[in-house]
Amino acid sequence: MSDYIFTRMGDGERIQMSPSEIRDEMQKGMERASELARIPGLSSDEIELLLEIVTEPGRVVSVPHGHELIVTDDGMAECFTGSEADGCSGISMGRHAAVLAYERALAADTSSIGHSDYSFKPVKAVLEVELQTYHQLSQLTTAPLFYGSQPNMGQYFQPDGPFPNPVDLMPSGKIKAAQAAQEAAAAQLCEDMVFIGRELNAMGCEGFNFDTAGSTGDAEFYATLKAARQLKEYDPNMAIIIGMASEFVLGMHGEIAFEGHQLAGLFPHDQVKLAESVGADIFGPAINVDTSKSFPWNLAKALTMVKETVARAGIPVHPNVGMGVCGIPMLLQVPIDCVSRAAKALALIGKADGL
Amino acid sequence: MGDPFGMPVTHIVAAGMGGIRTAGDLVAWMQMTRRMKLADAKAYVADKLSVDVMDLVDEDVMCPLRKELGIGTVTPEAGGPEGILAKSRVADLLGIEINSVKRIRSQFAT
């Protein structure tokens, strides 16, 4: 092993560390995850395996034969066509061509489509267009095709939506009013998600991805759990992914509970049990990246939380491994040395069922 | 999020099963429709295909097998099975219900 290894900071900057410094960073990242989520750490053997993965000499690394897993996505095919804001490539091509290219040229295990805003609220206004596109693509694709969208409850608050904005109310001490606004928005969001899900189901939807759930906090996660349950009761054969926005559920409401479980502050190993209870088929934990810490620190932290989540899950777990989550640096053109190492570590140490 | 080369392409190369290039789609279906964890889903698919689990990502095994079964490949021949026809055969092969297949079959039946 070299005396100094190229690795990166959480913002993507390339740095050099000695193997012992990397091991020390991993130990600290793991300890931070254990402290935050109150879960066991990685074993010394797992830390050594992680050290091997991070210090492998190749720029890109991969899993050994037999350890491959399933790769799901959040609208990546359509990222061929979008713009910089979403890490997209700006290629002038249609949605159909993008999805088929993703399936056949890139050999993706599953593919997906979604509205360019990737939020449920705008989907409702153009649902007929989305239904038409989904239906046509479901006839053309061979691999599973998801429809993905973010609950994104923030769009339901003024000035973008009808409900008073809790961020305006809370600084004025109007806590009850802020909570009531979130409860009202959650009810509308849930209704919209169920409406869209049922319409897609009628069009033959194979899988529905609630992506970045909880981005507006605990009330949004509450709406997502309710909607997922209603859709699975309506048709158990439409697969559902619930993917999270961050490692713990933000307490924007603070007191909202789902069937007796307070949602604020839940970490992935508890989130997954609720997702499982409402019928979700796949759960996607999102572990935050600290840009001021190193890649080894962030990856060890993510692995500690993912491993515990997988251990407690009765359903497949596909960690979200995009920019800024699960160890991947916060850099739009994500460094492939970190991405491939995170993928390998999540497969071998996190025991993930997919990514 | 992240650029397509950096994110999905790298994940697929580093750790993916390979979709319809091998048997990734089949394993994915079992996770989606039966909530199977990865090892169980691979074992189920291998059993249905009468191959070893290690064969599921072996191009030398899966490409001819997919052609033989008519369940689509990444290099389709003109007029060959792909899309909903291939998916319909996948549903029968794996013994699962695929919503899009169910819908088209119900339309053919009326």
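These notes cover the structure that comes with them. (Residues numbered from 1 in each chain as written. Chains lettered and ligands numbered in written order. Predicted model: local features only at pLDDT ≥ 70, side-chain atom pairs only at ≥ 80, totals over all residues.)

## Observations regarding the overall build of chain B
Next up, step 1: Assigned secondary structure in chain B consists of six helices and zero strands.
Next up, step 2: Moving toward the C terminus, one meets the helices and strands of chain B in the order α-α-α-α-α-α.
Next up, step 3: On C-alpha atoms alone, chain B measures out to a radius of gyration of 15 Å, which is about the 13 Å that the 2.2 N^0.38 rule sets for 110 residues.
Next up, step 4: Considered along the principal axes of its C-alpha atoms, chain B spans approximately 45 × 30 × 30 Å.
Next up, step 5: By the burial criterion, 51% of the 110 residues in chain B qualify as buried.
Next up, step 6: When contacts within chain B are restricted to residue pairs at least 6 apart in sequence, those whose partners lie at least 24 apart make up 33%. (Helix = DSSP H or I, 4+ residues; strand = E, 2+ residues; numbered from the N terminus. Rg over C-alpha atoms; globule rule 2.2 N^0.38 Å. Buried ≥ 20, exposed ≤ 12 C-beta atoms within 10 Å, placed from the backbone. Contact = placed C-beta atoms within 7 Å.)

## Remarks on the interface of chain B and chain A
Accessible area lost upon the coming together of the parts is a frequently used measure of interface size.
Next up, step 1: At the junction of the two partners, chain B supplies 46 residues and chain A supplies 58 residues.
Next up, step 2: Broken down by secondary-structure element, the contributors of at least two residues to the side of chain B that touches chain A are α1 (5-15), α2 (24-34), α5 (83-94) and α6 (99-109) of chain B.
Next up, step 3: Partitioning the side of chain B that touches chain A into residue classes produces 23 nonpolar, 14 polar and nine charged. (Nonpolar A, V, L, I, M, F, W, Y, C, P; charged D, E, K, R; others polar.)

## Re unusual backbone geometry
Next up, step 1: For the bond running from A:Gln158 to A:Pro159, omega is 10°, close enough to zero to count as cis.
Next up, step 2: Structurally, the position occupied by A:Pro159 is in the loop between β4 (145-149) and α6 (166-169).
Next up, step 3: Positioned with a positive phi, A:Asn152 is a non-glycine residue whose angle comes to about 40°.
Next up, step 4: If you check the backbone angles, B:Ser50 has positive phi at about 55° while not being a glycine.
Next up, step 5: You can call B:Ser50 exposed: it has 8 C-beta atoms within 10 Å.

## Describing the sheet that holds strand β9 (residues 282-284) of chain A
All names here are of chain A.
Next up, step 1: Judged by pairing direction, the sheet is parallel, and its five strands sit side by side in the order β3-β4-β5-β6-β9 without closing on themselves. In the strand order of this sheet, the two ends are held by β3 (111-113) and β9, each with one partner. Between one strand axis and the next, the sheet turns by 25° as a mean value, whatever way the strands run.
Next up, step 2: As judged from the four bridges shared by β4 and strand β5 (residues 207-213), these two strands associate in the parallel manner. Bridge pairing links Gly148 to Asn209 in β5. (Pairing = 2+ DSSP bridges. Axes fitted to C-alpha atoms, helices over the stretch in contact; angles between N-to-C directions.)

## Here we look at the packing of helix α9 (residues 268-277) of chain A against helix α10 (residues 295-312) of chain A
All names here are of chain A.
Next up, step 1: At their nearest, the axes of α9 and α10 sit 8 Å apart, and the two run at 30° to each other. With respect to α10, the element α9 is oriented roughly parallel. Pair α9 / α10 crosses with right-handed handedness. In this structure, α9 contributes Pro268, His269, Val272 and Lys273 to the contact, and α10 contributes Met305, Glu308, Thr309 and Arg312. (Parallel < 35°, antiparallel > 145°, perpendicular 65-115°, else oblique. Left-handed = near helix turned anticlockwise from the far one by under 90°.)

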